Structure formats: structure tokens, C-alpha cells
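Examination of the molecular architecture
One letter stands for each residue in the lines below.
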Amino acid sequence: MTDVALSLSGLTVSFASGGGRVRAVEDVGFELVRGETLGLVGESGCGKSVTSLSLLGLLDPDVARVESGAARLGEVDLLRLSERELSRVRGAKVAMIFQEPMTSLNPVYSVGAQIGEAIRLHRDVSRKEARARAISLLSRVKIPAPEARVDAYPHELSGGMRQRVMIAMALACEPEVLIADEPTTALDVTIQAEILALLSELQRSMGMAILLVTHDLGVVAEVASRVVVMYAGRVVERAPVEALFARPLHPYAAGLFRSIPPIGASQRGEARRRLPTIEGVVPSLRELPRGCRFEPRCPERRPRCAEEEPPLTSQGERDVRCHFPLA
Amino acid sequence: MTPLLVATGLSVHFPVSTGLLSRGGRVVRAVDDVSLSVDAGETLAIVGESGCGKSTLGRAVLRLVEPTSGLVRFDGVDVTRLDQAALRKLRRRMQMVFQDPYSSLDPRMTVREIVGEGLVIHRLARGPALDARVGDLLARVGLPRDAMSRRPHAFSGGQRQRIGIARALAVSPDLIVCDEPTSALDVSVQAQVLNLLVELQAELGLAYLFISHDLKVVEHLAHRVAVMYLGRVVERAPAASIFARRRHPYTEALLSAAPVPDPGARRARLAIAGEPPSPLSPPSGCAFHPRCPRAVPGRCDVEAPALTDEPHAVACFFPD
Ligand SMILES: Nc1ncnc2c1ncn2[C@@H]1O[C@H](COP(=O)(O)OP(=O)(O)OP(=O)(O)O)[C@@H](O)[C@H]1O
Ligand code: SF4
Ligand SMILES: [Mg+2]
């Protein structure tokens, strides 16, 4: 059975910080199955982007260092590739889209030129063919009047259209894996719904695996089949989406879900009720707790939690990093 | 009881320069003929997507931007006609909390200066009394008193938003315009700030004009909701009634597009085609007609529907 498109294990990344080094992610791993969407969730700074950027060798080498880990894509380990080898894999086998398409598009070239460039990087086609293919990609991502829009510059497009262009570029060479880091966070909800629908549709027709990085639990519930929850650089829970939302095992995941304002509160006369919160704040990477990283804020903590960091343990089809997981 | 805040036929039009030949007098109708009211102690939420004019509306109410036409009354006083001195005095009672907790606080000022600024401007406290008051305000929003001597960069996003709320509270306002105060925050931090806003309202009888695109937050907080599209209010009703029955097709689309944090609830959406039109060239008739599944040619593209009367007001020829 080799349904696994990408398998990440033991990823640890450190950053230079005030004379020393801090670990932004530690021992992170997951398997991305062909044709599935895996959600990577957690709050700001928990290490989602560091994880996804390291898969493509996009971390800033001046400050960041991959300490250990393996990211297997078929025969190759993405974390061991040279910059030259990586540039061949990037786009062809693994592609990425980001939150703010404007910063990833070059403002001085037309979108057609940029998509064409992405194609010609990996395929030996003429400019004319590349342009024709760019137009067909634009129509595939449902940009109206693609023959005209192919000559448009990024600033002439709305945020939603620019994200479609980014998707077109990412899909130019039909990658096996698409990494999408907060792809709809900057968009309005009606546009977000369209982009998410477009991604699912393309996924179905091309069979690619999607790693969807987001802080939005609603988006994850809508599109992911399995979810990885991170806290302070660690994976704390890994589970199928239904199981996770129905009954989170990790106290942090449970706290996160409870703090979402409930839908339908106005109908039940429950608006403005006090929302359950997670007390305190996320620890700084420079002073992580010695035991469980969530211990100082955890309503379930017991003495052992402050002493000993829990390992990630399997419970059937899911994994949880907690000494006393919720029943 | 007369409402605390009443806006009648409020419009804000911005002139646009269209390059060399910009004498045509073209304008963007950012806010177009909006009427609303907010009672003391009440939350009116303004919802809509980016560019629909909700922030401009919030600013126009405080006269942080000048309305082009229309009337704003605050506690019986016509705000639109006040001179600068009178306006400054009235601002003591109308405050604002902004979306971005990073750019809305001056990084060079200490928290004491930021929170105490209004007290100094309005000569409400000085010296030790000022410090005591700032300390109380910080404690009230859940920050340590010794936060006073630090500068904004020493705080997280959620803490900065608390500083922004303390600053608004300092002068004991009756109304706070909150422009997306939690949308830059993580959900667990958002919950803390929402709880704080609810508590402060119950305690101090504050009214909020709460601007947001997040419908979960709006349903949690709002007593009444106004939905805006392209500068206009298209639906306005008590929260319980709008969340039970969305009458305007745009409200329906907005609610059905919002992702629900429940994998069991994945559902068919009411898809609306395309993107919001540019406010520079609004469509004829009903501004929503090009995207509307209910639009009837010959009617919706010709005539603009008026907002019906309360309690569940809607601007649509074919409301649900
Ligand atoms: N270039 C860098 N130099 C130093 N530290 C960094 C750098 N990039 C990221 N970090 C740190 O690594 C940690 C994880 O950051 P990361 O960007 O992965 O978080 P995230 O989960 O993607 O957050 P968000 O939801 O805000 O995007 C943070 O503490 C961050 O400050
Ligand atoms: S290990 Fe202990 S402190 Fe950590 S999450 Fe589990 S119960 Fe809480
Ligand atoms: Mg990120």
C-alpha cells in the first residue's frame, strides 16, 4: 500500500534567537495521503508555517536550521535535497500557495507571463504553447474571460482573482502535493467558499494531496478529512476530522473548540453567555515549561504533567500527546 | 426612550482621481443613505464584506471622516453641525476600538500615556489620580498594573487589544465603535476579549456599534444586526430574527458561505456568482442584482428597492 504521497517524521527546526537557538517546531510528523486534505491547525506562532515552509526548503537559511527529520516524497527526502534538486521538485511535484497572493506574484509581469514561466521551468514547451496552457489553466480556475485576463497585471485583479492565479500557477505541472498556507484567510467569506470549492474540485480531478494550513477551525471542518493540531511547536493531537470535532482528546484542542462562539446561540437565548476560555497565554519558545507545554494553562493538569513531557501515543485511529487525555 | 445614537440618511462620498482627466467629479459612494439607531446599553452589529463601507460608516458616526450628507444625533445633539471644540468634548462620550492591535497603538508611548491620554485631554485626572485611574482600567481589562510603564511591543495581540479597550474606557464613554476588534486574534484570545466586552457592557451600560465580518462573533454579541452591501443597508433586524430567517438573498449567501466548525454540517451552499462590484461603478437598480439568484430582469436591474420598515427591515423586491 503506497497511498502515502508525503510522509513527514521527526521534524525539528531551530532559529537563531538572542545569542542562542530556540526550537520553533519539535518532532513534528504526519502522513499525507493521495487525494486527501490534511488540516494543520493551531494558533498564531505554534509552528504551522515553519513546518510547511521547511517541506519546500523555503526557510531563511541565515536564521533557520532543520535539526532533524525526514520528508519522504516517493523515493526522495525533501529535507536532504540540495537547492538545485529542490527547485526541480518545487512546482513539479510539490507546489505551495500562500495567504497573500500579492506578495508572491511579481507586480511587473502579466499573470500569463508568470504562469508561462512556471510551466517552462519544468516543461520544454515554446512560449506560444506556454501561453495557450496559461489560458487553459486560467479557465480551469474559473477566471472569467481568460483570453483577456492572461495579459492582466496582478494589481488589476481582485484578491480572490489573484488567489486563483496563484492556484493556476501552483497547478501548472500537476503536482502530487499542494501545500496551502492560509489560502483564504485574507478573503471575504463568499470568495473563500468559492476558492475552497475550487480546490476540492481540482483535487478530485487531479488526485493531489493537500496540506491545508489554517487557524480557522471552520475551514478545517469543511474541507479536511484528517487534522493535525499543534501547540507551541509540538503536535498535540492527530485525528480524523469527525472524531476530533466530536470528542477532542487533548485538553488544549478541547479548550480551543469550546472558545468558538456557538452557532445558533441567538435562537436559544444564549447570546452573550460567557465563553469558556483557555486561561493565560502561549509560552515563549525561550522559556518553555519543562514538562507538558500546555501544563501551566491546562485544567486537567496533575503533578506529573509539570515534571515529564508526555509522548505522542496512539489511541486507535488517533494520536494524542497528554498524560491524562480526555475520555 | 429615544435612542442614544441616530443616523439618518448618512452618506459619505469620496472623490476619486482617475488620473490626468480627473475633473469629471466622479465619486465613490462608500456609504450611501444609511439610517440606523443604537440604544443605550445595546449592541448594533454592522456586517458585510470588505469594501462594503462598514468602517467608513463607523468613522462617519464619530466624524472621523466628514459625512457628505445626512444627520447624526448623539443623545439629542446634532453631531454633524458641531464645531471642532464641541466635537472634541462630545468625543469623550463616543470612543473607538480598532481592528489592528499592532498599528493602532503608538509604539513610542508607554501604556500609561496611551490609556491616560483621553483623561489628560479632557482634564479628567492628573498626577497620582491619573496613575490610579490608569491602574484601575488596566486591572479592569485583565492586565497587571505594572503594565503601565511598558510600551506596546512588550504585549501580545490580545493584550494590546485590551490596552485599546482600556484607552476607550478611560473617559467613561456611552458608546464605543468597535471596528473588527477581534478579527486579528486567535479564537482562544478572541473569546477572552469578547467576554470582556460583554462584561463591560453589563457593568457600565455601554452601547457598541460593532463592525465585523465574522457572523459567529456577531451572533454571540449583537442585539440587532444591520447587513451592508455596497454602501447600503440591505437588511436590519434583531439578531434572533435575522439568524432565524435571512430575508435578503445577500444575507442568505453570506450566512451560507461562512464555514461551520462542525464536520457533520457540511452542506450545499447557496452559491452566489462572481465578486462584489466596484463601488466606483455600482450596478443599476438593486446593487446586488448581478450576483443574485432571485434577480428578475426588468425589475431588479432597473429599480432600487427601498428598505422596508422595522422590525425586520429588508431592501429587496423578492425577500424571503
Ligand atoms: N525567521 C524567523 N526568525 C526567528 N523566529 C521565527 C522565524 N520565523 C518563525 N519564527 C518563530 O517560529 C515560531 C513558529 O512560527 P510560525 O510562523 O510557524 O507560526 P504559525 O503557526 O504559522 O503562526 P500564524 O498562525 O501566525 O501564521 C514562532 O515562535 C515564530 O516567532
Ligand atoms: S499532559 Fe497534563 S498538563 Fe499536559 S495536556 Fe495532558 S493533562 Fe494537561
Ligand atoms: Mg503561518
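Conventions and cut-offs
Residues numbered from 1 in each chain as written. Chains lettered and ligands numbered in written order. Predicted model: local features only at pLDDT ≥ 70, side-chain atom pairs only at ≥ 80, totals over all residues. Heavy atoms only, no water. Axes fitted to C-alpha atoms, helices over the stretch in contact; angles between N-to-C directions. Helix = DSSP H or I, 4+ residues; strand = E, 2+ residues; numbered from the N terminus. Parallel < 35°, antiparallel > 145°, perpendicular 65-115°, else oblique. Left-handed = near helix turned anticlockwise from the far one by under 90°. Contact = heavy atoms within 4.5 Å. Nonpolar A, V, L, I, M, F, W, Y, C, P; charged D, E, K, R; others polar. Near = heavy atom within 4 Å. Polar contact = N/O pair within 3.5 Å; in protein donor to acceptor, adjacent residues only side chain to side chain. Areas by Shrake-Rupley, 256 points an atom, 1.4 Å probe, with all protein chains shown as cover. Phe/Tyr/Trp six-rings, centres within 6.5 Å; stacked < 30°, edge-to-face > 60°. Buried < 20%, exposed > 50% of the residue type's maximum accessible area, 1.4 Å probe, protein only. Lys NZ or Arg CZ within 6 Å of the ring centre and 35° of its normal. Pairing = 2+ DSSP bridges.

**With respect to the packing of helix H3 (residues 111-121) of chain B against helix H4 (residues 127-140) of chain B**
Residue and element names in this part refer to chain B. Where H3 contacts H4, the two axes come as close as 10 Å, and the packing angle between them is 115°. Judged on the interaxial angle alone, H4 and H3 are roughly perpendicular. Regarding H3 and H4, the two cross each other, and that crossing is right-handed. Only Leu130, Asp131, Arg133, Val134, Leu137 and Leu138 of H4 make contact with H3, whose side of the interface consists of Val111, Arg112, Val115, Gly116, Leu119 and Val120. Of the residues in the contact of H3 with H4, the class split is eight nonpolar, one polar and three charged.

**What about the site of ligand 1?**
Residue and element names in this part refer to chain A. What surrounds ligand 1 is the set Phe15, Ala24, Glu43, Ser44, Gly45, Cys46, Gly47, Lys48, Ser49, Val50, Val63 and Leu285. Within the side chain of Ser44, one N or O atom sits 2.6 Å away from an oxygen atom of ligand 1. Look at ligand 1: alone it shows 640 Å² of surface, and the protein chains cover 62% of it. The biggest single contributor to the shell around ligand 1 is helix H1 (residues 48-55), with three residues.

**Things to note about the site of ligand 2**
In the vicinity of ligand 2, the residues found are His250, Pro251, Cys292, Glu295, Cys298, Glu300, Arg301, Cys305, Pro310, Cys322, His323 and Phe324 of chain A. Looking at the shell around ligand 2 residue by residue, the classes come out as seven nonpolar, two polar and three charged.

**Some remarks on the packing of aromatic side chains**
For the structure on display, the rule yields seven aromatic pairs over all chains. Measuring from ring centre to ring centre gives 5.3 Å for Tyr252 of chain A and Phe294 of chain A, while their planes differ by 70°; the resulting arrangement is edge-to-face. A residue pair is termed long-range when its members are at least 10 positions apart, and Tyr252 of chain A in helix H11 (residues 251-258) and Phe294 of chain A in the loop between H11 and helix H12 (303-307) qualify at 42 residues. For the residue pair Tyr252 of chain A and Phe294 of chain A, the accessibility class agrees, reading buried in each case. Residues Tyr229 of chain B and Tyr250 of chain B carry aromatic rings whose centres are separated by 4.6 Å and whose planes lie at 55° to one another, so their mutual orientation is tilted. A residue pair is termed long-range when its members are at least 10 positions apart, and Tyr229 of chain B in strand S9 (residues 224-229) and Tyr250 of chain B in helix H9 (residues 249-257) qualify at 21 residues. Owing to a relative accessible area of 4%, Tyr229 of chain B belongs among the buried residues under this scheme. By the ring-pair criterion, three or more aromatic residues cluster together here, those being Tyr231, Tyr252 and Phe294 of chain A. Across the ring face of Phe324 of chain A, the terminal group of Arg302 of chain A is positioned such that the distance to the ring centre comes to 3.8 Å. One residue, Arg299 of chain B, lies across the ring of Phe317 of chain B, its end atom 3.8 Å from the ring centre.

**Examining the sheet that holds strand S8 (residues 209-214) of chain A**
What holds strands together in a sheet is hydrogen bonding between their backbones, with the strands either parallel or antiparallel. All names here are of chain A. The strand order across the open sheet formed by eight strands is S6-S7-S8-S3-S9-S10-S12-S11, and the pairing between neighbours is mixed. The outermost strands of the open sheet, each flanked by one partner alone, are strand S6 (94-97) and strand S11 (313-315). When strand polarity is set aside, the average angle formed by the axes of neighbouring strands in this sheet is 20°. In this sheet, strand S12 (residues 318-320) lies alongside S11 in antiparallel orientation, the contact comprising three bridges.

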